[in-house]
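# Structural features, examined
Chain by chain, the residues run as shown.
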Amino acid sequence: MLKTALFPGSFDPFTLGHQDIVRRALPLFDELIIGVGENIDKSYLFSLEKRMAMIRNLYVQEPKISVQSYSGLTIDFAKEVGTDFLLRGIRNPSDFEFEKSIAQANRQMNPSLDTVFLLTTARYAYISSSIVRDVIRHGGNASVFLPENLILL
Ligand code: ADP
């Protein structure tokens, strides 16, 4: 049976930290779905279409990776795509506490769902999409935080 994982997130935008998690998860799974979330209560710097297109461009040569959008509960989308594995990255204790509650709540709702955590590579631990958005909003050069081949749309 093919092992598929869902990597859910906002990816507003996709950073070197996200790329690192994806790169390291690839040997663990046969397929990786990057699930780009759209939450009506959140305001994004990049539209859903742009966030998805940027990631698709980046992985156009990688057949194991697909990019899909979703709204609503991540567990419902996981069921829709038929996976029992969520993938998340952990940078620091506050990520850990936050992710732990979400993973435990998700498992309570769907006991067959497990969340796989990868610790960030130390040199990317400080990178967050929110820092990147601040830099871009103020006209700075965010390319040092972004994958080399990422084209900002
Ligand atoms: P969300 O809004 O769901 O938190 P993000 O796009 O901010 O979406 O993050 C998606 C996932 O990527 C989360 O698991 C987050 O912890 C992880 N992540 C974000 N930045 C990094 C990083 N620099 N290193 C490792 N993981 C990261």
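Residues numbered from 1 in each chain as written. Predicted model: local features only at pLDDT ≥ 70, side-chain atom pairs only at ≥ 80, totals over all residues. Heavy atoms only, no water.

Along its length, the chain carries 5 helices and 5 strands. Beginning at the N terminus, the succession of helices and strands in the chain can be written as β-α-β-α-β-α-β-α-β-α. Taken over the C-alpha trace, the chain has a radius of gyration of 15 Å; the compact-globule value for 153 residues is 15 Å, and the two agree within 12%. Across its three principal directions, the C-alpha atoms of the chain cover 45 × 35 × 30 Å. Out of the 153 residues belonging to the chain, those deemed buried represent 44%. (Helix = DSSP H or I, 4+ residues; strand = E, 2+ residues; numbered from the N terminus. Rg over C-alpha atoms; globule rule 2.2 N^0.38 Å. Buried < 20%, exposed > 50% of the residue type's maximum accessible area, 1.4 Å probe, protein only.)

Right, let's get into helix H5 (residues 129-137). Of the residues making up H5, those classed as buried are Ser129, Val132 and Arg133. Buried residues of H5, seen end-on, are gathered within an arc of 100 degrees and therefore sit on one face of the element. Of the surrounding secondary structure, the elements contacted by the buried residues of H5 are helix H1 (16-25). With its phi angle positive at about 80 degrees, glycine 139 sits one or two positions after the end of H5. (Arc of directions from axis to C-beta. Contact = heavy atoms within 4.5 Å.)

It is worth spelling out unusual backbone geometry at this point. Here aspartate 12 and proline 13 are connected by a cis peptide whose omega angle stands at 0 degrees. With respect to the helices, strands and loops of the structure, proline 13 is situated in the loop between strand S1 (4-9) and H1. Backbone geometry places phenylalanine 11, a non-glycine residue, at a positive phi of 50 degrees. Assignment of secondary structure puts phenylalanine 11 in the loop between S1 and H1. Phenylalanine 11 gets classed as buried once you look at its relative accessible area, which sits at 3%.

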